[in-house]
Amino acid sequence: MRPNPAASGGGDTDIITDDQGFTYFADLEGLADVGVAVSNDGGNNWRENSLSVLPGADRQWLAIDNGPTNSTLDNTVFLAFNQLVFGWQVLSSPGSTGFNDPTGGFLYTNAAGGPTAAVTTDDRCGRLLFDPFNRMIYLPCNNGDHVDIWKAHVDPGQRTGLQFSLGTTPASPGGQIGLGRLFSDIAVDTAGNIYAVWVDIRNDNVYYSASPSTGTNTGNTYSWTAPVQINGDPANSNVMPWAVAGSAGILDVAFYGTDIRGDPNTFPSWYNNRIAATTVKWYTYLVQVRSATTNTPTVNQVKASEHPTDYGQICTGGLGCTTSGGDRTLADFFTLAIDANGAARIVINDLTNQHHGAALFQLTQTGGPSALGTTLTPSTPNTATGVTDPSGDAQVLHYSPTGAGANQPALDLVSLQLSQPNQAHLTVTLTLQSLSSLLPPPGTTGLVWLTRWQFLSTGDTGEESYRIFYLGANSTAGQPPVFFAGTGTSATPTGVMGNGCITNTPQNCKVILYPNEISETGSINAAKNTITITAPLTDIGNPIKGDILYSVTALTFAFTTPNKILTDADATRVFDYVLGKGPQPTCPQGSTCKVTGGGYIFVDQQQDHGTFTIAVAVDPTGRIRGKAAYTDPAADLGFRTTLITSAIFNRNTATISGTGAANNASTNFSIGVQDKAEPGAGQDTFSINLQTGYSKSGVLQGGNIQIH
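Residues numbered from 1 in each chain as written. Predicted model: local features only at pLDDT ≥ 70, side-chain atom pairs only at ≥ 80, totals over all residues. Heavy atoms only, no water.

### Quick notes on the overall build of the protein
And step 1. Looking only at helices and strands, the protein has one helix and 50 strands in total.
And step 2. Relative to the 2.2 N^0.38 estimate, which gives 27 Å for 708 residues, the radius of gyration of the protein is 28 Å and therefore close to what a compact globule would have.
And step 3. Here the C-alpha coordinates of the protein stretch approximately 85 × 60 × 45 Å along the principal axes.
And step 4. Per-residue burial for the protein yields a buried fraction of 56% across its 708 residues.
And step 5. Pairs at least 24 residues apart make up 58% of the contacts formed inside the protein by residues separated by at least 6 positions.
And step 6. When the accessible surface of the protein is split by element, carbon and sulfur atoms take 53% of a total near 26,800 Å². (Helix = DSSP H or I, 4+ residues; strand = E, 2+ residues; numbered from the N terminus. Rg over C-alpha atoms; globule rule 2.2 N^0.38 Å. Buried < 20%, exposed > 50% of the residue type's maximum accessible area, 1.4 Å probe, protein only. Contact = heavy atoms within 4.5 Å. Areas by Shrake-Rupley, 256 points an atom, 1.4 Å probe, with all protein chains shown as cover.)

So this is what it looks like as structure tokens:
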């Protein structure tokens with residue numbers, strides 16, 4: 001899996017590549033115009049269509065007819081979208097022949113008739129697909145209890161005058177296919193067998209039906225097998241199926257699933273209640289069906305993601321989700337493909353970081369049966385201590401209309417290595433192509449080297465979170481680098497933006513940031529071309545022995561002051577790192593230790609109140625969960641914990657420390673409590689010390705503290 005350091009949510013996009021390596025990207029801004037961009041050299045040179053195709057549109061899909069020859073000239077790009085006034089349009093364009101081609105991928109004509117001729121007025125249609133075996137183009141659409149499949153035969157080189165006709169799948173067993181679980185999908189295997197896949201909104205199950213390639217599926221008549229349910233416990237409620245077929249009779253389907261039964265729109269929204277949302281855990285699932293065209297298929301389901309990828313509500317009501325805290329952050333970047341070895345490649349959004357930001361990852365199948373009928377053997381373990389990276393691929397700018405910039409040796413990663421010099425520290429070692437010069441690329445201010453990961457920790461309001469942590473270094477104007485650690489805070493539940501993400505609406509993370517929060521010890525060795533950073537585990541969330549740092553990756557950037565958005569240069573393959581050393585559990589009984597309670601102390605001679613709540617637990621493994629909050633109106637102070645890195649219990653006392661937010665500004669903290677009596681008034685004690693200089697302590701004048 002390779003993470004994208006930026007997060008994104010919302011917006012309709014689709015991207016596809018033809019057999020010449022030209023990439024086509026269709027983009028939609030709300031219910032606005034469709035635009036198309038074309039890359040002519042594998043992704044570095046992009047040309048963007050400055051003219052809209054048709055206005056008032058929604059949800060676009062791309063498909064490629066690579067033609068019967070290896071020539072670019074018989075390639076065709078098909079573009080489908082819902083033009084709200086007329087219905088679903090299918091347009092076509094010649095494939096691009098090169099960077100200076102003014103037509104290919106840019107100029108589109110209606111493939112089905114006149115300028116506004118619609119294929120269908122069905123409300124919601126899924127991915128457009130070209131079938132090279134039968135030379136058919138398919139548009140699957142949800143319609144009541146079945147899937148409508150609009151299809152047209154495409155002669156070699158044909159781009160207009162397509163005659164679409166309707167085929168329908170059998171009725172779904174639950175009786176309703178609709179907007180609620182998003183798009184139905186269609187796939188074709190190498191033998192021309194057709195598969196329709198959908199989610200039934202009445203029972204939240206994933207189904208498929210096959211139309212065997214016996215000559216009946218090339219005209220207006222289709223013969224379908226009875227629908228087969230392909231999900232099983234714990235994938236009890238499911239959304240967003242995506243299907244790809246491989247060799248004859250083999251079908252791969254990916255989807256998001258949770259063990260909680262019910263309508264995903266009714267689950268708790270992260271924007272309304274973060275802790276409640278984390279009780280609903282979504283995973284990415286991959287199902288492989290073999291003998292898929294027969295009445296006795298074999299169905300195998302696996303969790304493709306190693307930890308949850310989302311929490312809580314998945315709102316499928318489009319722009320209507322913006323009311324009442326509806327959560328559509330997951331967006332629709334979900335994609336499944338099969339590589340040359342038959343391995344499944346799934347692009348997902350992971351929203352389990354502290355920002356609930358939709359960070360893009362790729363999941364790659366590394367073992368087991370492939371979609372091509374072979375057996376895959378893992379080439380590299382996912383758990384490791386480091387990785388190597390090819391040199392010469394750190395161009396800045398990496399993507400540009402005029403071509404990629406020059407490779408930047410100081411940003412060109414060669415390897416990443418993690419190690420532990422002792423049980424209290426973690427060391428990151430980056431090897432670059434050359435560190436003889438730290439001068440930034442033209443037009444930029446400086447360089448950034450970053451190693452980031454996620455591990456099971458606590459979010460900023462005490463919720464479960466696979467929180468982002470990082471160690472990094474930056475250099476400004478060629479000067480020696482400074483070294484840092486951090487995690488970044490999310491926007492508050494009231495919408496005040498934290499330091500770790502740019503938001504466009506309250507709490508909605510759009511671009512993840514990596515602020516320099518804690519100064520660390522580091523060094524640069526120009527002779528060995530290495531950068532080394534060592535940090536105490538307490539500065540990076542205090543992971544313990546056996547904890548997994550998920551998706552560790554190194555990234556390099558150029559930056560331009562004061563622009564917060566970094567310019568990407570290079571990134572390594574990711575791996576998981578298991579801590580071999582770490583602090584011992586801080587619960588002396590070896591079982592769960594807990595401190596709970598609330599109340600107030602006097603903070604001045606006027607007997608103004610300092611009011612607190614606390615709920616913190618340490619499980620037998622030493623993992624810390626919980627939160628605390630404190631207010632002192634007389635001092636105009638509001639404080640909440642964002643990350644508790646230490647919780648020490650000693651009989652009737654407990655001390656917690658970590659980072660928090662004082663009036664939304666980040667600060668270190670330490671809180672100590674004593675449980676001396678019941679109910680505690682005048683006996684239990686509470687103290688708080690903030691890095692800002694604020695410090696108060698006293699006996700409780702009201703409330704109670706309990707240490708279990």
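### Points about the nonpolar core
Generally speaking, soluble globular proteins have nonpolar side chains that are buried together.
And step 1. By size, the foremost hydrophobic cluster in this structure holds 56 residues, and its most contacted members are F78, L128 and I137.
And step 2. Of the residues forming this core, the biggest block, four residues, is contributed by strand β18 (residues 237-245).
And step 3. In terms of nonpolar packing, the next biggest core, distinct from the first, is built from 38 residues, A394, F469, A485 and A569 among them. (Core = buried A, V, L, I, M, F, W, Y, C linked by side-chain atoms within 4.5 Å.)

### Examining the sheet that holds strand β47 (residues 665-674)
And step 1. Read across the sheet, nine strands follow the order β49-β48-β47-β46-β45-β44-β43-β42-β50 without closing on themselves; strand pairing throughout is antiparallel. At either end of the open sheet lies a strand with only one pairing partner, and these are β49 (695-699) and β50 (702-707). Sheet twist, expressed as the mean angle between neighbouring strand axes with direction ignored, is 20°.
And step 2. Judged from the eight bridges that link them, strand β43 (residues 609-618) and strand β44 (residues 624-632) form a sheet pairing that is antiparallel. Directly across from A617, in β44, lies its bridge partner R625. (Pairing = 2+ DSSP bridges. Axes fitted to C-alpha atoms, helices over the stretch in contact; angles between N-to-C directions.)

### Let's talk about the pairing of strand β20 (residues 281-290)
And step 1. Burial of β20 is extensive: eight of the 10 residues sit out of reach of the surface.
And step 2. Where strand β19 (residues 251-258) and β20 come together, eight bridges link them in antiparallel fashion. Within the sheet, the bridge partner assigned to D252 lies in β20 and is Q288.
And step 3. Two strands pair when backbone bridges link them, and β20 and strand β22 (residues 310-311) are joined in this way by two bridges, in the antiparallel orientation. From the neighbouring strand, K281 faces β22, where its bridge partner is Y311.
And step 4. Strand direction decides the pairing type here: β20 and strand β21 (residues 298-303), joined by six bridges, are antiparallel. Directly across from R290, in β21, lies its bridge partner T298.

### Topic: the sheet that holds strand β14 (residues 185-188)
Backbone-to-backbone hydrogen bonds pair the strands of a sheet. The strands run either parallel or antiparallel.
And step 1. If you walk across this open sheet you meet the four strands as β14-β15-β16-β17, and the pairing is antiparallel. Strands with a single pairing partner mark the edges of an open sheet, and in this sheet they are β14 and β17 (228-229).
And step 2. Bridge analysis of β14 against strand β15 (residues 194-199) gives four bridges, and the strand direction is antiparallel. From the neighbouring strand, V188 faces β15, where its bridge partner is I194.

### Quick notes on the packing of aromatic side chains
And step 1. According to the stated counting rule, one finds 17 aromatic pairs in the structure shown.
And step 2. Seen from their ring centres, Y630 and Y694 are 5.9 Å apart, and the 55° between their planes marks the pair as tilted. Taken together, the residues span a long stretch of sequence, with Y630 in strand β44 and Y694 in the loop between β48 (685-690) and β49 at a distance of 64 residues.
And step 3. A residue is classified by how much of its surface remains accessible, and Y630, at 1% relative accessible area, is buried.
And step 4. Put simply, the rings of F612, Y630, F686 and Y694 touch in pairs and so form one group of aromatic residues.
And step 5. Its guanidinium or amino end placed over the ring of W61, R59 lies 4.1 Å from that ring's centre, counting from NZ or CZ. (Phe/Tyr/Trp six-rings, centres within 6.5 Å; stacked < 30°, edge-to-face > 60°. Lys NZ or Arg CZ within 6 Å of the ring centre and 35° of its normal.)

### Re the pairing of strand β37 (residues 521-525)
And step 1. Both β37 and strand β38 (residues 530-536) contribute to a ladder of five bridges, which runs antiparallel. The residue bridging N525 from the neighbouring strand is T530, located in β38.
And step 2. Hairpin connection from β37 to β38: four residues lie between these consecutive antiparallel strands, with N529 at a positive phi of about 60°.

### Topic: unusual backbone geometry
And step 1. L397 follows V396 through a cis peptide bond whose omega is -5°.
And step 2. Topologically, L397 is positioned in the loop between β28 (386-388) and β29 (413-419).
And step 3. Between T561 and the following residue, P562, the backbone shows a cis peptide bond with an omega angle of 0°.
And step 4. The residue P562 is located in the loop between β39 (548-559) and β40 (567-571) in this model.
And step 5. Look at Q607: it is not a glycine, yet its phi comes out positive at around 60°.
And step 6. Looking at the secondary structure, you find Q607 in the loop between β42 (593-602) and β43.
And step 7. We classify Q607 as partly exposed; its relative accessible area is 47%.
And step 8. Within the chain, R651 stands out as a residue other than glycine whose phi angle is a positive 55°.
And step 9. Positionally, R651 belongs in the loop between β45 (637-650) and β46 (653-662).
And step 10. Assessed through its relative accessible area of 77%, R651 is described here as exposed.

### Observations concerning the environment of Y195
And step 1. Its place among the elements puts Y195 in strand β15.
And step 2. Here the side chain of Y195 touches G249 through a polar contact of 3.5 Å, landing on its backbone nitrogen. (Polar contact = N/O pair within 3.5 Å; in protein donor to acceptor, adjacent residues only side chain to side chain.)

### Quick look at the state of the cysteines
And step 1. The tally for this structure, following the rule as stated, stands at two disulfides.
And step 2. The disulfide bridge from C125 ends at C141, spanning 2.0 Å between sulfur atoms. Looking along the S-S bond of the C125-C141 disulfide, the torsion reads about 95°, which is the right-handed sense. With C125 in strand β9 (residues 124-125) and C141 in strand β11 (residues 136-143), the pair connects residues that are 16 residues apart, well separated along the chain.
And step 3. A relative accessible area of 0% places C141 in the buried class.
And step 4. The disulfide partner of C501 is C509, and the S-S distance across this bridge is 1.7 Å. (Disulfide = S-S within 2.5 Å.)

### Observations regarding the pattern of salt bridges
And step 1. Scanning the entire structure with this criterion turns up five salt bridges.
And step 2. Measuring nitrogen to oxygen at the nearest pair gives 2.9 Å for the salt bridge that ties D185 to R127. Note that D185 is positioned in strand β14 and R127 in the loop between β9 and β10 (129-131), a separation of 58 residues in sequence.
And step 3. Salt-bridge contacts for D339 lead to R345; the nearest nitrogen and oxygen are separated by 3.1 Å. (Salt bridge = Lys/Arg side-chain N within 4 Å of Asp/Glu carboxyl O.)

### A word on the side chain of Q420
And step 1. With respect to the helices and strands, Q420 occurs in the loop between β29 and β30 (425-432).
And step 2. The buried category is assigned to Q420, whose relative accessible area is 11%.
And step 3. Filtering out sequence-adjacent residues up to four positions away, Q420 remains in contact with H425, L426, Y577, L579, G580, K581 and G582.

### Quick notes on the confidence of the model for the protein
And step 1. Summarising the model, the protein shows a mean pLDDT of 89, and 92% of its residues fall at 70 or more.
And step 2. Across residues 215-220, confidence stays below pLDDT 50; counting only partners more than four residues off in sequence or on other chains, it has 16 contacts. (pLDDT = per-residue confidence, 0-100.)

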